[in-house]
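A closer look at the structure
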Amino acid sequence: MDRREFLEQVAAWSAGACVATPVFNVSSIVAAEGKPQGASLLAVAKGKDYAALVEQVMKPLGGMAAFVKKDDRVVVKPNIGWDRTPEQAANTHPDVVKTVVQQCLDAGAKRVLVFDRTVNDARRCYVKSGIQAAVESIGDSRAQCVFQDQSKFVPVQIENAKSLKEFHFYQDALATECDCYINVPIAKHHCLSKLTIGLKNAMGVIGGNRGEIHKGIHQRIADLNLVIRPKLTIVDATRILLRNGPTGGNLADVKVLDTLIASADPVAADAYATTLFGMKPEELGSTVAAAKLGLGEMDLSKVKILNA
Amino acid sequence: MRRLLWIPWRWWRRAAQLVLLVAFVWLFRRTEYSGAEQLPGGENILFRLDPLAAAAAMLAGRQVIALFWPALVMVGLTLVLGRFFCGWVCPLGTLLDYFHRLLRPITRRTNALLRPRLAAAAAAPLRGTRYFLLIAVLLAAGLAFPLVGLVDPFSLLVRGLTFALDPLLCRAANAYFAWSGSGWVATVLQPFAKKHLLPFRPMVFYLTEVSAAILVVIFLLELAARRFWCRWLCPAGALFGLLARRSLVKHLPVRVCKACGQCVELCRMDALDPAAGLSPHACTLCMECVDHCPKGIVQFGIKRKAKSRPRPVDLSRRGVLTGIAAGVAIPGAAVAVRLGHESPVPPHLIRPPGAGDEKTFLSLCIRCGECMKVCPTNVLQPAIFEAGLAGMFSPRLVPRLLFEQSNCEYTCTLCSQVCPTGAIPRLTEELKHHHPSGKSYFDHNRCLPWAKQTPCIRCEEMCPTPEKAIKILNTFKIKQDGEEVEIQQPFVDRELCVGCGICESNCTIEGVAGIRVQRVDAPDPGTEFLLKGANKAAGQARPPAADGRAAPAGAKGGSF
């Protein structure tokens, strides 16, 4: 190899390496399905046994089998964001998560992934929330509580978005990799967005600088939900955090309600959960913005509420 | 006894080296959060065995450190057995042996070439160097000037592994797994490696290159002579050597046999010299001379009445004086040019929670890197020159190193569990909250709600104290375009703030954050302190005037 040949090859290989950098665009695949058809159904259940409560709240909606089909790739997305214990009400209750995962498996799911983009160190959150242990205790290799892989955040163009035209999303949560996304948030106080419930839980599957979301938080949360479309939202209001959220830490700020809310309509689920705090659905900017985008129904008089 | 259980002694030594190296790597790997608030313990044992670190930390800190009791055991063992630590235990020594063996085709040639030249050109200065370093370090420690971390072999080793090799390995492995993707690598090797061999995630550290370079130089010196570092440079080895001078277990016969000279050739430490005699302070009991003696007369044993005195330590009067001079001169010079910790402590030099005043902390810290290794969020970073020359490699909190990740975790006490000297005292979660690492303050020229009347308060969201240390004031502000807006403006309750830095780490503005953590003992740069006492009667309902401007007339009381 002479010098000219060497230089030519270096140029060719470097050009190839530059061109080969992957570019992701999954926008066409995650096209919005639009507003759920017909009147939104919403189930509410109360009870002390949280495992039985999941069963109870799902019954009027047709059970988990109405949402999870055989061989579905399922994502169960709880809130595992904080280095807090279950009774401190910063994360979704592990018993709720465990039962939801269990039901997905029973419905024939091929794979159930549980993950969150945590705020505190992921290992600490997964352990302290009890969720990792809860999922592992099922003892089924199809169900896995996994740490997010930093290389799996891909840029997505958000069609119809009003504020956030493009953002990074976690690949496994996108419709390309996931047949059924089940959102299992906890309802908590949050100073800036007033409350954090289901819509804001999408913050756990986005990459990049999450601080960006806070600049015009209500619209941006709604925009995120144009991409992340849960087939089912189960709001964990077994205990809610009234003050000093979303981190909590003081048991005096926790109110035990023993309540679960389930709906295929993410906006209706948030709207109903808001009333548990003695607030009106329209007080939450993200709910209003999401309803305007056609993501669901926020007028509870138009929602069919089933007390299970 | 020339053999133990019919196995040559050098094989016993090699087995011990291998087992202890594996133990060292295992402990190093275990120095990480693994799901429990309490580490199993023993992660820092290597440092606590080190009499040099013990002596320097106690001298500099002016206190007896009970954590160092294993070093006392080592001293006792060395008085009996000699300098066995260097030959049988030290992980750096073992790694140097392996390195030398691995590159034997090269090292054999380069050693043959360089060794005689070295001996001819620099024999006397080389021999004295380790004692020179030892005297300088201990004397500087006596003057409360901590230098031990710059030369202690275990600090150099663990820092090199933590700051350079570990992140490199982790990244290389991740790249390999991403590239190979499927097959048994993905199903078997990757889960196993992630669980048992690799750190949880690749960490990022300052001074990576420096730490790596020091270690690389130590290893490359093997090209010049076997165990170059241990033979001529290591101050811990020098201390073990001094303790070993009259050890009970001796190389026998005491006079070096002049028959074949093979043992002299084999000795990796220059401990045997047919003319000058035996040097117990150099001998690391590697046992090569015992196993290879063709006449079978060499052994180690106890001989009460040794007739000949051991060869004197390779320490000339000039060497001692130079060491003393350096030990005094380095702290003196550093203070003189204000590189030492005598200069005012920079407000953003935040130490780990529980670390006392800056001077005591620096004196006790031996720069071992254990706290930075164990820190789950990577927020602990080695200081470069922020703490002065003497503070290099000491741990500090850098909340903005990794965006959204690097903060001190509210309930974590791991760094206090691995600190071998108590520079970071042993903490419980509650104790930690009573010893904040710093206090936050807002930069009203950068914080969005203050500077631009733009909603944000991400800092408040993140704040981990059960009652938020960042409080919110709902006020009406007139924006630059004349529009009146209701805005939540955050301020810090210094009583509640623990200085974890999660606010600074997560602040939504790029570059320097709008909220920063500074030392507890630094003056509060926020505006609140200007009003100290003046506003107590009104409580804190009245908004603190930002940027010298009074809040508009319509300002509402805070809702907190």
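For the structure given in this document, a descriptive report is provided here. (Residues numbered from 1 in each chain as written. Chains lettered and ligands numbered in written order. Predicted model: local features only at pLDDT ≥ 70, side-chain atom pairs only at ≥ 80, totals over all residues. Heavy atoms only, no water.)

1. Observations concerning the overall build of chain B
Formally: Every helix listed is a DSSP run of H or I at least four residues long, and every strand listed is a run of E at least two residues long, numbered separately from the N terminus. For each residue, the accessible area found with a 1.4 Å probe, counting protein chains only, is set against the maximum for its type, and the residue is called buried under 20%, exposed over 50%, and partly exposed in between. Here a residue-residue contact requires only that any non-hydrogen atoms of the pair lie within 4.5 Å.
Along its length, chain B carries 23 helices and 12 strands. When burial is assessed residue by residue, chain B has 53% of its 560 residues classed as buried. Pairs at least 24 residues apart make up 75% of the contacts formed inside chain B by residues separated by at least 6 positions.

2. Details of the overall build of chain A
Stated precisely, the cut-off is as follows: Each radius of gyration reported is based on C-alpha atoms, and the globular scaling rule is 2.2 Å times the count of residues to the power 0.38. Only the protein chains shown count as cover for residues, and all accessible areas are computed by the Shrake-Rupley method using a 1.4 Å probe. When charges are counted, neither His nor the chain ends are considered; positive counts come from Lys and Arg and negative counts from Asp and Glu. Think of each charge as sitting on NZ of Lys, CZ of Arg, CG of Asp or CD of Glu.
Scanning chain A for helices and strands turns up 8 helices and 12 strands. For a compact globule of 308 residues, the expected C-alpha radius of gyration is about 19 Å, and chain A comes in at 20 Å, within 12% of that figure. Each of the three principal axes of chain A carries a C-alpha extent, and together these read 80 × 40 × 40 Å. Expressed as a percentage of its 308 residues, the buried residues of chain A come to 59%. Long-range pairs, those at least 24 residues apart, make up 73% of the contacts in chain A with a sequence separation of at least 6. As displayed, chain A has an accessible area near 12200 Å², and 52% of this comes from carbon and sulfur atoms. Distance from the positive charge centre (37 side chains) to the negative charge centre (33 side chains) of chain A: 4 Å.

3. Examining a nonpolar patch on the surface
Residues and elements named next belong to chain B. We apply this condition: Think of a patch as exposed residues, more than 30% relative accessible area, with no salt bridge, where like charges cluster within 9 Å and nonpolar side chains (Val, Leu, Ile, Met, Phe, Trp, Tyr) cluster within 5 Å. Within this document, salt bridges are pairs made up of a side-chain nitrogen of Lys or Arg and a carboxyl oxygen of Asp or Glu, the two lying within 4 Å of each other.
Nonpolar side chains collect at one region of the surface, where Leu-5, Trp-6, Ile-7 and Trp-11 lie side by side and expose about 510 Å² of accessible area between them. Within the secondary structure, Trp-11 sits in helix 1 (residues 9-30). Residue classification places Trp-11 among the partly exposed residues on the basis of a relative accessible area of 44%.

4. Some remarks on a positive patch on the surface
Residues and elements named next belong to chain B. A grouping of Arg-101, Arg-104, Arg-108 and Arg-109 is seen on the molecular surface, where their side chains present a positively charged patch. For the positive patch, the element with the highest residue contribution is helix 7 (residues 104-142), accounting for 3 residues. Looking at the element boundaries, Arg-109 is found in helix 7.

5. Regarding unusual backbone geometry
Going from Gly245(A) to Pro246(A), the amide bond is cis rather than trans, its omega being 0°. Turning to its location among the elements, Pro246(A) is positioned in the loop between strand 10 (232-241) and strand 11 (254-263). For Asp71(A), which is not a glycine, the phi torsion comes out positive at approximately 65°. At Met287(B), a residue that is not glycine, the phi angle is positive and equals roughly 75°. Among the secondary structure elements, Met287(B) is positioned in the loop between strand 5 (277-278) and helix 15 (288-292).

6. Side note on the pattern of salt bridges
All names here are of chain B. Summed over all chains, the structure comprises 34 salt bridges over all chains. Arg-396 is paired through a salt bridge with Glu-386; the nearest N and O atoms lie 2.9 Å apart. Here Arg-396, found in strand 8 (residues 395-397), pairs with Glu-386, found in the loop between strand 7 (380-382) and strand 8; they are 10 residues apart in sequence, far enough to count as distant. For Arg-396, a relative accessible area of 11% corresponds to the buried category. With a relative accessible area of 30%, Glu-386 lands in the partly exposed category. A single salt-bridge network, built from bridges that share partners, covers Arg-13, Arg-14, Asp-97, Arg-226, Arg-227, Arg-268 and Glu-288.

7. Considering the nonpolar core
The line we're drawing: Residues enter a nonpolar core if they are buried and are Ala, Val, Leu, Ile, Met, Phe, Trp, Tyr or Cys, with the set joined through side-chain atoms within 4.5 Å.
In this structure, Phe85(B), Trp88(B), Trp229(B), Phe300(B) and Leu380(B) are the most contacted members of the largest nonpolar core, which totals 114 residues. Once residues within four sequence positions are removed from consideration, Phe85(B) is found in contact with Leu46(B), Leu49(B), Met74(B), Cys90(B), Phe154(B) and Phe240(B). One finds Leu53(A), Met203(A), Leu295(A) and Met298(A) within the second-largest nonpolar core, a separate group that totals 77 residues.

8. A closer look at the pairing of strand 10 (residues 470-478) of chain B
Residue and element names in this part refer to chain B. Note the following rule: For two strands to count as paired, DSSP must find a minimum of two bridges between them.
Along strand 10, 8 of the 9 residues are buried, which leaves the element largely enclosed by surrounding structure. As defined by bridge partners, strand 10 adjoins strand 11 (residues 484-492) across 9 bridges and the pair is classed as antiparallel. Within strand 11, the position partnered with Leu-473 by the bridge is Gln-489. Adjacent in sequence and paired antiparallel, strand 10 and strand 11 are bridged by 5 residues, among which Gly-482 carries a positive phi angle near 95°.

9. Let's talk about the interface of chain B and chain A
A common way to report how large an interface is uses the accessible area buried once the components associate. The criterion, for reference: Once two parts are brought into contact, the accessible area they lose, counted with a 1.4 Å probe and summed over both, makes up the buried area. Any pair of N or O atoms that falls within 3.5 Å is considered a polar contact. Within protein, one atom must be able to donate a hydrogen and the other to accept it, and sequence-neighbouring residues count only if both atoms are side-chain atoms.
Chain B puts 34 residues into the contact, and the matching count from chain A is 31 residues. Interface area for chain B against chain A, summed over the two sides, is near 2600 Å², with a carbon-plus-sulfur share of 49%. Here chain B and chain A share 4 salt bridges between them. One salt bridge connects Glu37(B) with Arg124(A), and the closest N-O pair in it is separated by 2.7 Å. Counting across the interface, chain B meets chain A through 20 residue pairs in polar contact (both at pLDDT 80 or more).

10. With respect to the packing of helix 9 (residues 153-180) of chain B against helix 10 (residues 183-197) of chain B
Residues and elements named next belong to chain B. So the rule is basically this: Between the N-to-C directions of two axes lies an angle of 0 to 180 degrees, each axis being a line fitted to C-alpha atoms and, for a helix, fitted only over the stretch in contact. Note on angle classes: values under 35 degrees are labelled roughly parallel, values over 145 roughly antiparallel, values of 65 to 115 roughly perpendicular, and the remainder oblique. Here a crossing is called left-handed whenever its near helix is offset anticlockwise from the far helix by less than a right angle, and right-handed whenever the offset is clockwise. For this scheme, ten residues count as nonpolar: Ala, Val, Leu, Ile, Met, Phe, Trp, Tyr, Cys and Pro. Four count as charged, namely Asp, Glu, Lys and Arg, and the remainder, Gly too, count as polar.
Running from amino to carboxyl end, helix 9 crosses helix 10 at an angle of 165°, the nearest separation of the two axes being 11 Å. Relative to helix 10, the element helix 9 is oriented roughly antiparallel. Between helix 9 and helix 10 the crossing geometry is left-handed. Residues Asn-174, Tyr-176, Phe-177 and Ser-180 of helix 9 pack against Val-185, Leu-189, Gln-190, Ala-193 and Lys-194 of helix 10. Taken together, the residues of the contact of helix 9 with helix 10 break down into 5 nonpolar, 3 polar and 1 charged.

11. What about the packing of helix 7 (residues 266-275) of chain A against helix 8 (residues 285-292) of chain A?
Residues and elements named next belong to chain A. Contact geometry of helix 7 with helix 8 gives a least axis separation of 10 Å together with a crossing angle of 155°. By the angle between their axes, helix 7 is roughly antiparallel relative to helix 8. For the element pair helix 7 and helix 8, the recorded crossing hand is left-handed. Here Val-267, Asp-270 and Ala-271 of helix 7 come into contact with helix 8, specifically with Thr-287, Ala-290 and Ala-291. Along the lines of polarity and charge, the residues of the contact of helix 7 with helix 8 split into 4 nonpolar, 1 polar and 1 charged.

12. Describing the environment of Trp450(B)
All names here are of chain B. Among the structural elements, Trp-450 can be located in helix 21 (residues 448-451). On the basis of relative accessibility, which here comes to 1%, the residue Trp-450 falls in the buried class. The sequence separation of Trp-450 and Ala-53 amounts to 397 residues, and the corresponding C-alpha distance is 49 Å.

13. Observations concerning helix 10 of chain B
Definition in use: Working rule for helices: expected span equals 1.5 Å times residues minus one. Here the bend at a residue is taken as the angle between two axes, fitted respectively to the seven residues that end there and the seven that start there.
Given a rise of 1.5 Å per residue, 15 residues ought to cover 21 Å, and the 19 Å separating the end C-alpha atoms of helix 10 of chain B matches this to within 8%. The largest bend in helix 10 of chain B is about 40°, located at Leu189(B), with the proline Pro191(B) one to four residues further on.

14. A short note on the side chain of Lys471(B)
Residues and elements named next belong to chain B. Secondary-structure assignment places Lys-471 in strand 10. For Lys-471, a relative accessible area of 11% translates into the label buried. A polar atom in the side chain of Lys-471 sits 3.0 Å from the side chain of Glu-467.

15. A few points about the packing of aromatic side chains
Test applied: Note on aromatic pairs: the rings of Phe, Tyr and Trp (six-membered ring only in Trp) are paired at centre separations within 6.5 Å, and the planes decide the class, stacked below 30 degrees, edge-to-face beyond 60, tilted for the rest.
Applying the stated criterion across every chain yields a total of 12 aromatic pairs over all chains. Between Tyr126(A) and Phe147(A), the aromatic rings sit 4.5 Å apart at their centres with planes inclined by 25°, giving stacked as the arrangement. With Tyr126(A) in helix 4 (residues 122-128) and Phe147(A) in the loop between strand 4 (143-145) and strand 5 (153-157), this pair connects stretches of sequence that are 21 residues apart. Classification of Tyr126(A) by relative accessible area gives buried; the value is 0%. On the basis of relative accessible area, Phe147(A) is assigned to the partly exposed category, the value being 29%. When the ring of Phe85(B) is compared with that of Phe240(B), the centres are 4.8 Å apart and the planes differ by 15°; the resulting orientation is stacked.

16. Notes on helix 11 (residues 208-220) of chain B
Over its 13 residues, helix 11 of chain B runs 18 Å from end to end, which matches the ideal 18 Å to within 8%, given 1.5 Å per residue. Packing partners of the buried residues in helix 11 of chain B comprise helix 6 (91-102), helix 9 and helix 12 (228-233) of chain B.

17. A closer look at the side chain of Gln132(A)
Residue and element names in this part refer to chain A. Mapped onto the fold, Gln-132 is located in helix 5 (residues 131-136). For Gln-132, a relative accessible area of 15% puts it in the buried group. Residues contacting Gln-132, with those up to four places away along its chain left out, are Tyr-126, Val-127, Cys-145 and Phe-147.

18. A short note on the pairing of strand 3 (residues 111-114) of chain A
All names here are of chain A. Counted only if it meets this: Note on handedness: a clockwise path from strand one over the helix to strand two, with the strands aimed away from the viewer, defines a right-handed crossover.
Bridge analysis of strand 2 (residues 73-78) against strand 3 gives 4 bridges, and the strand direction is parallel. Bridging from a neighbouring strand, Arg-73 pairs with Arg-111 of strand 3. Handedness of the crossover is the feature at issue here: the chain leaves strand 2, passes through helix 3 (residues 94-106), returns alongside strand 3, and the resulting connection is right-handed. Note: strand 3 against strand 4, 3 bridges, orientation parallel. Looking across to strand 4, one finds that Val-112 is bridged to Ala-143.

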